[in-house]
Amino acid sequence: MKKNIHPDYDYVVFRDGSCDKTFRIRSTCKPSETIVWEDGKTYPLYNLDVSSASHPAYTGEQRKVSSEGRVARFKQRFGKRGLK
């Protein structure tokens, strides 16, 4: 392999801000923040909006979509028309 062409691949802590879960994996990203992990060592910290800990596809919790507005709008547009 060629020298000095590959990015650094080291441990990074990712924090999901929506559910406050953290996990440590190896990555090539280099965030500017740091955090002291459970083992007492300091690692770079990358903040996430969504991860597998909070995404509905992984947690099994689906967001409830409000269909009230759609139904009311449909009835307003087509409710006066009767069956012929």
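Parameters and conventions
Residues numbered from 1 in each chain as written. Predicted model: local features only at pLDDT ≥ 70, side-chain atom pairs only at ≥ 80, totals over all residues. Heavy atoms only, no water. Salt bridge = Lys/Arg side-chain N within 4 Å of Asp/Glu carboxyl O. Helix = DSSP H or I, 4+ residues; strand = E, 2+ residues; numbered from the N terminus. Buried < 20%, exposed > 50% of the residue type's maximum accessible area, 1.4 Å probe, protein only. Pairing = 2+ DSSP bridges. Axes fitted to C-alpha atoms, helices over the stretch in contact; angles between N-to-C directions. Contact = heavy atoms within 4.5 Å. Polar contact = N/O pair within 3.5 Å; in protein donor to acceptor, adjacent residues only side chain to side chain.

Draft legend 1. Structural detail: the pattern of salt bridges. Counted under the stated rule, the structure contains 1 salt bridge. Its salt-bridge partner being Arg24, residue Asp39 comes within 3.8 Å of it at the nearest N-O pair. Taken together, the positions of Asp39 in the loop between strand S3 (33–36) and strand S4 (42–48) and Arg24 in strand S2 (residues 21–27) put the pair 15 residues apart, joining distant regions of the chain. The partly exposed category is assigned to Asp39, whose relative accessible area is 41%.

Draft legend 2. Representation of the sheet that holds S4 in the model. Strand order in the open sheet formed by 4 strands is S2-S1-S4-S3, with mixed pairing between adjacent strands. With one partner strand each, in any of the chains shown, S2 and S3 form the two edges of the open sheet. Shown here is a sheet whose adjacent strand axes are inclined to one another by a mean of 45°, direction ignored. Relative to S4, strand S1 (residues 10–16) runs parallel, the two sharing 4 bridges. Of the residues in S4, the one forming a bridge with Val13 is Leu45.

Draft legend 3. Broad picture of the environment of Tyr43. Topologically, Tyr43 is positioned in strand S4. Judged by its relative accessible area of 9%, Tyr43 is buried. Separated by 30 residues in the primary sequence, Tyr43 and Val13 have C-alpha atoms spaced 6.4 Å apart. In contact with Tyr43, not counting residues within four places along its chain, are Tyr11, Val13, Arg24, Glu33, Thr34, Ile35 and Trp37. Of note is the side chain of Tyr43, whose polar atom sits 3.0 Å from the side chain of Arg24. A distance of 2.9 Å separates a polar atom in the side chain of Tyr43 from a polar atom in the side chain of Asp39.

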